Amino acid sequence: MAKEHHYQVTVRWTGNRGTGTSSYTAYDRNGEMLADGKPTMPLSADPAFRGDATRWNPEELLLASASACHKLWYLHLCADAGIIVEAYEDAAEGTMQEGARGRFTQITLKPHIKLRDPADADRAGALHHQAHEACYVANSLNFPVDCEPTFE
């Protein structure tokens with residue numbers, strides 16, 4: 001039997017300017033995400049959808065989730081393989097199309113990895129495929145998640 005994990009967050013809308021959703025322009029898209037024992041995260045919509053650019057939007061959170069999950073699996077696999085990663089930074093990018101049923105069409109992860117031993121680069125590069133196969137978030141998405149790693 002597969003082990004199950006359950007998660008809970010609270011997402012609260014804070015954008016009522018006094019008239020609620022009386023019109024499309026009458027309210028802010030602002031909100032917050034809360035979870036026990038964690039700092040509150042300010043949320044909004046993408047600025048293209050009348051959101052606040054200083055707050056996290058759902059599209060950024062989806063992209064960050066895919067990137068973070070891949071990173072955690074990758075570091076795990078490197079540790080198991082005896083490959084020492086000293087730094088990891090991913091400049092992930094995603095593409096979303098608007099429309100009647102808007103959707104993400106792809107994510108490209110672009111991790112830049114510093115290895116203790118540069119001779120491990122080929123083996124370390126091959127582990128990205130395994131990380132992708134193991135990543136719970138990528139396995140839950142219905143569009144391609146590509147990975148273009150670079151090493152130093």
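Residues numbered from 1 in each chain as written. Predicted model: local features only at pLDDT ≥ 70, side-chain atom pairs only at ≥ 80, totals over all residues. Heavy atoms only, no water.

The protein has the name OsmC family peroxiredoxin in an unreviewed UniProt entry, where Candidatus Pantoea formicae is given as its organism.

**Concerning unusual backbone geometry**
In plain terms, the rule: Put simply, DSSP marks the helices as runs of H or I at least four residues long and the strands as runs of E at least two long, and each gets a number from the N terminus on. Relative accessible area decides the class of each residue, using a 1.4 Å probe on protein chains only: under 20% of the type maximum gives buried, over 50% gives exposed, and in between gives partly exposed.
A positive phi angle, close to 70°, is found at Arg-50, a residue other than glycine. With respect to the helices, strands and loops of the structure, Arg-50 is situated in the loop between strand E3 (41-43) and helix H1 (58-81). Given a relative accessible area of 41%, Arg-50 falls into the partly exposed group.

**Description of the sheet that holds strand E6 (residues 103-109)**
Where we set the bar: For two strands to count as paired, DSSP must find a minimum of two bridges between them. Working convention: axes come from line fits to C-alpha atoms, limited for helices to the stretch in contact. Angles between N-to-C directions cover 0 to 180 degrees.
Across the sheet, which stays open at both edges, the three strands sit in the order E5-E6-E8 with mixed pairing between neighbours. Both edges of this open sheet fall to strand E5 (93-97) and strand E8 (145-147), since each of them pairs with a single strand only. On average, adjacent strands in this sheet sit at an angle of 15° to one another, irrespective of strand direction. Pairing between E6 and E8: three bridges, direction parallel. Following the sheet pairing, Leu-109 is matched in E8 by Cys-147.

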